[in-house]
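Each chain is listed here by its residues.
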Amino acid sequence: MIVFPAIDLKAGQVVRLAEGDMTRATVYGENPAAQAEAFAKAGATHLHVVDLDGAFAGESINGGAVAAIVARFPGKVQLGGGIRNRASVERWLDIGVERVVIGTAALEDPDFVREAAAAHPGRIVVAVDARDGFVATKGWADVSTVSVAELGHRFEDAGVAALLFTDVGRDGLLKGCNVEATVALAAEVPIPVIASGGVADIADIHALVGKPGIEGVITGRALYDGRLDLAEALKAAA
C-alpha cells in the first residue's frame, strides 16, 4: 500500500483545512518545495498535492508552488485542484506530475475524464469526495445527489488509474479514516481506491493494509502534528 504525504496549497503556503472549509485553515509552512523534499528524505516515494485555491477557482492558482514541488521531489507527484479541461491535464503532465486528480469535472463532464484517461492510461485519478455518502464538488462547497458508488461505476470501463475517496466530514479533523466506507467502495467498484480524510495515527494505516482494492492512503495533518511518524507509516504499509 502506498502512503501519500499530503501538501495542500493555499496562497502559496502549506496548510490543512478542517472539513474542506477555507476559513478553517492551519498554516504549516511557507515553503512547499522544502516540505516535499523533507518528505522524500523521510522515505516517501509518492506525494499528494492539492491546489486548494484552484479547486474553488476552477483553474490553477498555485502553479508556481506545484512546479517547485515537482522539481524538488524525486518521487511521483499526484496533483488535484481545479483540473477541469484537457489543457490543464496536459500542462501538468508535461511538467512532470505523474498523475492528475479530477473531481468536479468527473461529475459535470465525464466525457472529458474518459478522453483524458484514454490519452494517458494510468495517469488519471477520479476524486470521489463524499458528504454523507453523496459526491461533493467545487472544493466540496456543493453536494450532489449522486452517490459515491454511482460515480465510481460511471468510470469502470474508462481506464482511470484509481478512485480517491475522501470522507469530507473527517478531513483534517484527526477523527480516524472511514475504513468501512472506503473498503465498501473498493468492493463495489473494480478500480483501485485511495483512502483519504481523517487519518489520525498508525492505527489507521494498519486498518487499511491488506484490504482488497486499497491502493494507498493519503495523510496530512497527522504528519504535521506529529501524531503519525512517516517512516513508521511507510514500514507498516510495506
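Now for a description of the structure that goes with this document.

What counts and how
Residues numbered from 1 in each chain as written. Predicted model: local features only at pLDDT ≥ 70, side-chain atom pairs only at ≥ 80, totals over all residues. Heavy atoms only, no water. Helix = DSSP H or I, 4+ residues; strand = E, 2+ residues; numbered from the N terminus. Buried < 20%, exposed > 50% of the residue type's maximum accessible area, 1.4 Å probe, protein only. Contact = heavy atoms within 4.5 Å. Areas by Shrake-Rupley, 256 points an atom, 1.4 Å probe, with all protein chains shown as cover. Core = buried A, V, L, I, M, F, W, Y, C linked by side-chain atoms within 4.5 Å. Polar contact = N/O pair within 3.5 Å; in protein donor to acceptor, adjacent residues only side chain to side chain. Arc of directions from axis to C-beta.

### Quick notes on the overall build of the protein
For step 1, the next point in the chain: Tallying secondary structure elements over the protein gives 11 helices and 12 strands in all.
For step 2, the next point in the chain: A principal-axis box enclosing the C-alpha atoms of the protein has dimensions of 40 × 35 × 35 Å.
For step 3, the next point in the chain: With 238 residues in all, the protein has 54% of them scored as buried.
For step 4, the next point in the chain: Taking the contacts inside the protein whose residues are at least 6 apart along the sequence as the reference set, 66% of them involve residues at least 24 apart.
For step 5, the next point in the chain: Carbon and sulfur atoms form 49% of the exposed surface of the protein, whose accessible area is close to 9400 Å².

### Some details on the nonpolar core
For step 1, the next point in the chain: Within the largest apolar cluster, 67 residues are counted, with the highest numbers of intra-cluster contacts made by Ile7, Leu47, Val49, Ile102, Val113 and Val126.
For step 2, the next point in the chain: Once residues lying within four places of it in the same chain are set aside, the contact partners of valine 49 are Ile7, Leu9, Val66, Ile69, Val77, Gln78, Leu79 and Gly80.
For step 3, the next point in the chain: In this structure, Ala6, Val101, Ala127 and Ala162 belong to the second largest nonpolar core, which totals 10 residues.

### Regarding the side chain of histidine 48
For step 1, the next point in the chain: Relative to the helices and strands, histidine 48 is located in strand S4 (residues 46–51).
For step 2, the next point in the chain: Given the relative accessible area of 7%, histidine 48 is considered buried.
For step 3, the next point in the chain: Within the structure, histidine 48 has its side chain in polar contact with the side chain of glutamine 78 (distance 3.0 Å).
For step 4, the next point in the chain: The residues touching histidine 48, leaving out its near neighbours within four places in the chain, are Phe4, Pro5, Ala6, Ile7, Gln78, Val101, Leu164 and Ile218.

### Some thoughts on helix H4 (residues 86–95)
For step 1, the next point in the chain: Restricting attention to buried positions, one finds in H4 the residues Ser88, Val89, Trp92 and Leu93. Considered in projection along H4, the buried side chains sweep an arc of 125° and stay on one side of the axis. For H4, exposure combined with an orientation more than 90 degrees from the buried face picks out Ala87 and Asp94.
For step 2, the next point in the chain: Buried positions along H4 lie against helix H3 (63–72), strand S5 (76–80), strand S6 (99–102), helix H6 (110–119) and strand S7 (124–131).
For step 3, the next point in the chain: The N-capping residue of H4, defined by a side-chain oxygen 3.3 Å from the backbone nitrogen of alanine 87, is asparagine 85.
For step 4, the next point in the chain: Just beyond H4, the residue with positive phi is glycine 96, at close to 115°.

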